[in-house]
Amino acid sequence: MSLLAINNLTCRYGNNTILNDLSLTVSDGEIMCLLGPSGCGKTTLLKAIAGLIATSSGEINLENTVLLADNVNDKSINVDANKRDLGMIFQDYALFPHLTIHANIAFGITHLSKTAQQNKISELLTLVNLDDLGDRYPHELSGGQQQRVAIARALAREPKVLLLDEPFSNIDAQLRLPLIKDIKAILKQRNMAAIFVTHAKEEAFALADTMALLNNGNIVQCGSPQYLYNYPAEKFVAEFLGHGSILTAQVLNKEKVRCVLGDITCTTNKTLITNETVELFVRPHQFSVIADETGNGVITEYQFRDDGYRAQVKVAEQNIEVWLPGYFDVESTKVVNVSLTPQQLVAF
Ligand SMILES: Nc1ncnc2c1ncn2[C@@H]1O[C@H](COP(=O)(O)OP(=O)(O)OP(=O)(O)O)[C@@H](O)[C@H]1O
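Residues numbered from 1 in each chain as written. Predicted model: local features only at pLDDT ≥ 70, side-chain atom pairs only at ≥ 80, totals over all residues. Heavy atoms only, no water.

- An unreviewed UniProt entry lists the protein under the name ABC transporter ATP-binding protein, with Thalassotalea psychrophila given as the organism.

Now the structure itself:
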């Protein structure tokens, strides 16, 4: 059953529609990542869920509580942000600089007895692996440690869902993936549902049970990271989630197409209809490339990365992006043979 259900949410700034009739559900313990290009409405959606901005229409339900509704017995409902049972974490952590870590975590639970506060703070400091740092001030912690304090502080109030807006953007690139792994483990340990906003697909891949890809104020596709990567509903999804080349192909039969690389046996996300023209979206690692003086392609560009070469190969008039192993002799090899072995491909 869904814990958080958003139905037909529309949100405007002036005449600009930012969220357009958007629907989304989050289940108990589910980690959802809202992903999409800059300006597509991710933060607006998070703020609308949190009750921090005005919405034009739509409904939001959290467990059995209506947070937002246009018309219930002729009345509209819009629960105040501080009564929504949600925890919000921003990219700058928003810790109180003049309070110790201990006092920061205690901030939202002062209604509990001193002993109950103490027990809860100790438990949370252990959970986020900061047992010995309770007496420090925020400026005495690293960015990753501050982010873990922000999570402990939000968890202290036992929200039903955590909302996190770009929480890793101030963390050094090398520390980001280990921190994401830690935070995912913390949330899973508490079976805590969370919605993360990010524009970095690597973060979403590492974190998400479910990814919702937004564009122009609506969700283009929602599903597990693997599903969206392997079965993108649109070219926008395929391209947003990773590199790839588009090859125009003629369908020969339901499992064979003809393209610049010859006749290719494949299964695809869409049913192939004989004689139709389709576009294949092929990821760089799906091509096989060997040095071959009589081959079909010429390397036109290459760039060394930590995981090998990213290279452009021209086959007939088609540019194809391939990945070559770091030991590939790109200096003296110009002519290569590019092929596709039988496999699952994406077709539009
Ligand atoms: N207070 C505001 N007044 C008017 N327009 C706004 C306001 N806040 C955001 N917008 C506009 O709404 C659109 C969506 O903004 P939003 O911050 O939700 O995007 P985003 O997907 O989170 O982008 P980013 O990844 O760059 O943070 C943008 O075009 C933005 O300019």
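1. As for the overall build of the protein
Right, on to step 1. Across its full length, the protein carries 8 helices and 21 strands.
Right, on to step 2. A buried classification covers 45% of the 348 residues belonging to the protein.
Right, on to step 3. The long-range fraction of contacts in the protein, counting pairs at least 24 apart against all pairs at least 6 apart in sequence, stands at 65%.
Right, on to step 4. By element, 46% of the accessible surface of the protein is carried by carbon and sulfur atoms, the whole surface being about 17,200 Å².
Right, on to step 5. Separation between the mean location of the 29 positive side-chain charges and that of the 38 negative ones in the protein comes to 3 Å. (Helix = DSSP H or I, 4+ residues; strand = E, 2+ residues; numbered from the N terminus. Buried < 20%, exposed > 50% of the residue type's maximum accessible area, 1.4 Å probe, protein only. Contact = heavy atoms within 4.5 Å. Areas by Shrake-Rupley, 256 points an atom, 1.4 Å probe, with all protein chains shown as cover. Lys, Arg positive; Asp, Glu negative; His and termini not counted. Charge placed at Lys NZ, Arg CZ, Asp CG, Glu CD.)

2. Some remarks on the site of the ligand
Right, on to step 1. Around the ligand, the neighbouring residues are Tyr-13, Ile-18, Pro-37, Ser-38, Gly-39, Cys-40, Gly-41, Lys-42, Thr-43 and Thr-44.
Right, on to step 2. Ser-38 has a polar side-chain atom sitting 2.6 Å from an oxygen atom of the ligand.
Right, on to step 3. When the free accessible area of the ligand is taken as 640 Å², the share hidden by the protein chains comes to 55%.
Right, on to step 4. In terms of residue count, helix 1 (residues 42-50) provides more of the shell around the ligand than any other element does, 3 residues in total.
Right, on to step 5. For the shell around the ligand, the per-class residue count stands at 4 nonpolar, 5 polar and 1 charged. (Near = heavy atom within 4 Å. Polar contact = N/O pair within 3.5 Å; in protein donor to acceptor, adjacent residues only side chain to side chain. Nonpolar A, V, L, I, M, F, W, Y, C, P; charged D, E, K, R; others polar.)

3. Some points on the UniProt feature "domain: ABC transporter" (unreviewed entry) in the protein
Right, on to step 1. Within the UniProt annotation, "domain: ABC transporter" (unreviewed entry) is assigned to residues 4-241.
Right, on to step 2. Between the end C-alpha atoms of residues 4-241 the distance is 26 Å, and the span holds 33% helix and 30% strand. (UniProt positions renumbered as here; feature names shortened; annotations may be inferred.)

4. Observations regarding the packing of helix 3 (residues 114-127) against helix 4 (residues 143-156)
Right, on to step 1. Look at helix 3 against helix 4: their axes get within 10 Å of each other, and the N-to-C directions meet at 140°. With respect to their mutual orientation, helix 3 and helix 4 come out oblique. As helix 3 packs across helix 4, the resulting crossing turns out to be right-handed. Here helix 3 contributes Lys-120, Leu-124 and Leu-127 to the contact with helix 4, which in turn contributes Ala-152, Leu-155 and Ala-156.
Right, on to step 2. Tallied by class, residues from the contact of helix 3 with helix 4 come to 5 nonpolar, no polar and 1 charged. (Axes fitted to C-alpha atoms, helices over the stretch in contact; angles between N-to-C directions. Parallel < 35°, antiparallel > 145°, perpendicular 65-115°, else oblique. Left-handed = near helix turned anticlockwise from the far one by under 90°.)

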